[in-house]
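The lines below spell out each chain.
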Amino acid sequence: MSNGGSAQTQGGSTNLQPFSQNTNIDDVRNDPAFGSWGRLLFPVDEGYMSGSTLGSMNLAWYSCIDPDKTVEICNYFYEKASSGQQVFYDIYSDQEKADDPAKQDTGLFFFRGDAGNPFAVWSAGGGFAYVAAMHDSFPHALELSKRGYNAFAVIYRPGAQTACEDLSRAISFIWDHADELGVQTDGYLLGGGSAGARMSAWVGGYGTASFGQRDLPQPAAVVTQYTGLSDWSQTDPPTYANVGTSDGIANWRVMQARLGQMSAAGIPTEFHVYDGLRHGFGLGAGTVADGWLDQAVSFWEANR
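This section reports on the structure supplied with the text. (Residues numbered from 1 in each chain as written. Predicted model: local features only at pLDDT ≥ 70, side-chain atom pairs only at ≥ 80, totals over all residues. Heavy atoms only, no water.)

Turning our eyes to something else, we now look at the overall build of the protein chain. Secondary structure assignment for the protein chain yields 10 helices and 12 strands. Compactness check: the protein chain gives a C-alpha radius of gyration of 18 Å against a globular reference of 19 Å for 304 residues, within 12% of the reference. If one aligns the C-alpha atoms of the protein chain with their principal axes, the spans along those axes are about 55 × 45 × 40 Å. Within the span of the protein chain, comprising 304 residues, buried residues form 54% of the whole. With an accessible surface of roughly 11,800 Å², the protein chain has 44% of that area assigned to carbon and sulfur atoms. Taken as two groups, the 17 positive and 33 negative side-chain charges of the protein chain have centres that lie 2 Å from each other. (Helix = DSSP H or I, 4+ residues; strand = E, 2+ residues; numbered from the N terminus. Rg over C-alpha atoms; globule rule 2.2 N^0.38 Å. Buried < 20%, exposed > 50% of the residue type's maximum accessible area, 1.4 Å probe, protein only. Areas by Shrake-Rupley, 256 points an atom, 1.4 Å probe, with all protein chains shown as cover. Lys, Arg positive; Asp, Glu negative; His and termini not counted. Charge placed at Lys NZ, Arg CZ, Asp CG, Glu CD.)

So, on to the pairing of strand 6 (residues 107–111). With respect to burial, strand 6 is a largely interior element, 5 of its 5 residues being buried. A two-sided burial pattern is seen for strand 6, the buried positions comprising Gly107, Phe109 and Phe111 on one face and Leu108 and Phe110 on the other. As defined by bridge partners, strand 5 (residues 88–89) adjoins strand 6 across 2 bridges and the pair is classed as antiparallel. Its bridge partner being in strand 6, Tyr89 is matched across the sheet by Leu108. (Pairing = 2+ DSSP bridges.)

Moving on to the sheet that holds strand 7 (residues 118–123). Overall, mixed pairing links the 8 strands, which are arranged 5-6-8-7-9-10-11-12 in an open sheet. The open sheet terminates on both sides in strands that have one partner only, identified here as strand 5 and strand 12 (269–274). In terms of strand pairing, strand 10 (residues 221–225) meets strand 11 (residues 239–244) through 4 bridges, oriented parallel. From the neighbouring strand, Thr224 faces strand 11, where its bridge partner is Ala241. On the sheet, helix 8 (residues 195–206) packs against strand 7, strand 9 (184–193) and strand 10 and is oriented at approximately 145° with respect to strand 9. (Contact = heavy atoms within 4.5 Å. Axes fitted to C-alpha atoms, helices over the stretch in contact; angles between N-to-C directions.)

On to the environment of Pro139, then. Its location among the elements puts Pro139 in helix 5 (residues 138–146). The exposure class of Pro139 is buried, given its relative accessible area of 4%. Spatially, the C-alpha atoms of Pro139 and Ile73 are 7.2 Å apart, while their sequence positions differ by 66 residues. In contact with Pro139, other than residues within four places in its own chain, are Lys69, Ile73, Ala133, Met134 and Leu283.

Turning next to the packing of helix 6 (residues 160–176) against helix 8. One way to put it is that helix 6 packs onto helix 8 with a least axis distance of 10 Å and a crossing angle of 60°. Here helix 6 is positioned oblique relative to helix 8, judged by the angle of their axes. In this structure, the crossing between helix 6 and helix 8 has a hand that is right-handed. Residues Ala160, Ala163, Cys164, Leu167, Ser168 and Ile171 of helix 6 form the contact with helix 8, whose participating residues are Met199, Ser200, Trp202 and Val203. Of the residues belonging to the contact of helix 6 with helix 8, the class tally is 8 nonpolar, 2 polar and no charged. (Parallel < 35°, antiparallel > 145°, perpendicular 65-115°, else oblique. Left-handed = near helix turned anticlockwise from the far one by under 90°. Nonpolar A, V, L, I, M, F, W, Y, C, P; charged D, E, K, R; others polar.)

Written out as structure tokens, the structure reads:
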């Protein structure tokens, strides 16, 4: 393992921070603390990622990647795993993965909040070609956990249908293990960016039964970032959305029109457009979108 980080002692406890911006990505993937799931921290298809270190990582179609947040997430996982906390959960059985090897590259990363609090599931984008979790779902889930919510980031099989099947399976898994996980199932949240936003909207609106799972309650709200999705229905949950005016993939006017139609039909909505931002700004740290997650959480809370 390449270091450059430190193990800091505070109040008698050890704060493990072995990774820095100079740490090689392969060293993180292969760190013994992560076992077999370390490889899922970054895109399985490496053709969509460039850079060899945490500080130099870039992901296709994404802007505003924050290297400090990347390092924070890797150290978070290391500290939790090293202390014996389970942070990764398989959503498919060994037999299911043997029958469909693509399911080997799926699972749930758990960012624990306060026991008994509601949960959120965040789905990263990646054009249904890869999963950009390190920028487009892990940061969101980590920040939600800091606010006391139990947050999950799903690693799914690329492809619109399979992605929705995996998200639906993830929700079912959380429901089945709610006591073990310490989460409240009432009033949960689905959120995501780009392809992940489409997944959240489709599963939130059509329901888990539409994607091969038993029929579970809809989420209390859906958060959709930078997606050109235009279809909607009367059964869609309350929806919060945001996008940048310089997004060459998701047109802000399409998003505005969709939410306007939903609002006119009586579905609670909230829409924000940010001047000059490009596609995939994530949490928007250091941009005009900085702080938007607090708005989304307030929207969720108002509709729970």
